[in-house]
Amino acid sequence: KEDMRQFFQGVSKNRSIQKLTFKHFHLFSKEGFRILGEFFKTNKNLKSLSISYCMLGNTHTHLASALAGFNSLTEFDLYHRHENLPWDDMSDEKAAVIIQALAGHSTLRKLSLAGNQIGTESCAALATSGLLQNPNCRLMELDLNDNPINDSERPDADLGAKFLASMFLGNTSLTHLNLSCTDIRTNGWMAIIAVLRSRNCRLEHLDLSTNQFN
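Definitions and cut-offs
- Note that residues are indexed from 1 along each chain, following the sequence as it is written.
- It should be noted that, the model being predicted, local features are given only for residues of pLDDT at least 70 and side-chain atom pairs only at 80 or more, the latter also being counted only at that level, while totals for whole chains, interfaces and linings use all residues.
- Only hydrogens and water are removed before side-chain values are computed, so all heavy atoms of the structure are retained for them.
- Any residue under 20% of the maximum accessible area for its type is buried, any over 50% is exposed, and the rest in between are partly exposed; the area is computed with a 1.4 Å probe on protein chains only.
- Numbering of helices and strands starts at the N terminus; helices are DSSP runs of H or I of at least 4 residues and strands are runs of E of at least 2.
- In this analysis, two residues are considered to be in contact whenever any of their non-hydrogen atoms come within 4.5 Å of each other.
- Only strands that DSSP links by at least two bridges are regarded as paired with each other.
- Handedness rule for crossovers: strands pointing away from the viewer, path from the first strand over the helix to the second running clockwise, crossover right-handed.
- Residues grouped as a nonpolar core are buried Ala, Val, Leu, Ile, Met, Phe, Trp, Tyr and Cys residues, joined through side-chain atoms within 4.5 Å.
- Only protein atoms enter the calculation, which uses a 1 Å grid: trapped sets of points that fit a 1.4 Å probe without letting it out are cavities, open sets showing protein on both sides within 12 Å along at least five of seven lines are pockets, and any residue with an atom within 4 Å of a point is a lining residue.
- Grid points are joined across faces, edges and corners, and a volume is the space filled by probe spheres set on the points.

Along helix α4 (residues 92–101), seven of the 10 residues are buried, which leaves the element largely enclosed by surrounding structure. Burial in α4 covers these residues: D92, K94, A95, A96, I98, I99 and A101. Here the buried face of α4 lies against α3 (60–68), β3 (75–79) and α5 (120–129).

Printed below as a string of structure tokens:
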């Protein structure tokens, strides 16, 4: 733990890092994210942050606080699903907290949230965050691959897809969208198809692989 504290403190003093990647990193803590939060605020050159295959536990709120403390990211990648991680280390509710913290990053061009148990709550967070509705939105790529957007345990199982459709409506910046392996069903697809027919739609790449269509 002392080594990790010194590592985070060392990184926090850097002002030149533009891309920061954590992969298979299982030593996140409240203190670690607090120090990283200070680094995020003071390093104006940081543009890309990737956290993949990392055990977060209950530190998701501290990650959210760190993300909410600055607004300069152009790329953010959070990929959680891995056979060696506990299935409940990430949840729809936890992912929603992290998504809400990204609301101020209007400079985002690429957002990857694949494999994070994203369902209705997270889709609602995306729809209400303003990320795609902001007139200054620059987001071009959104990856929601490998998420149970169709929440079969809810009576309104297709509500997540409808939240996404409302978010896409009126947006003119998004060109790449990955909805593969999301288990979206008929009513959800109908809502999304209506957006694809819109004159405002600028999508160039749409991935719908490994889904069921009636």
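Residues L20 and F22 point to one face of strand β1 (residues 19–23) and are all buried, whereas K19, T21 and K23, pointing to the other face, are not buried. Alignment of β1 against strand β2 (residues 48–52), held across five bridges, turns out to be parallel. Pairing of T21 across the sheet is with S50, part of β2.

Within β2, five of the five residues are buried, which leaves the element mostly enclosed by the surrounding structure. Covered by surrounding structure in β2 are S48, S50 and S52 together with L49 and I51, the residues of both alternating faces. Pairing analysis gives five bridges linking β2 to β3, with the strands arranged parallel. When the bridges of β3 are listed, S48 appears paired with E75. For the segment spanning β2, α3 and β3, crossover handedness is right-handed.

Attention now moves to the nonpolar core. Judged by nonpolar contacts, the single largest core of 58 residues is most densely connected at F28, L36, L67 and F76. For L67, the residues in contact, after removing those within four places along its chain, are L49, L73, F76, I98, A101, L102 and H105.

On to empty space enclosed by the protein. What the rule picks out here adds up to one cavity of 30 Å³ or more. Considering only enclosed or pocket space, the largest cavity measures out at about 100 Å³ in volume. Residue lining of the largest cavity: F168, N171, L174, L177, I192, V195, L196, C201, R202 and L203, and that is the complete set.

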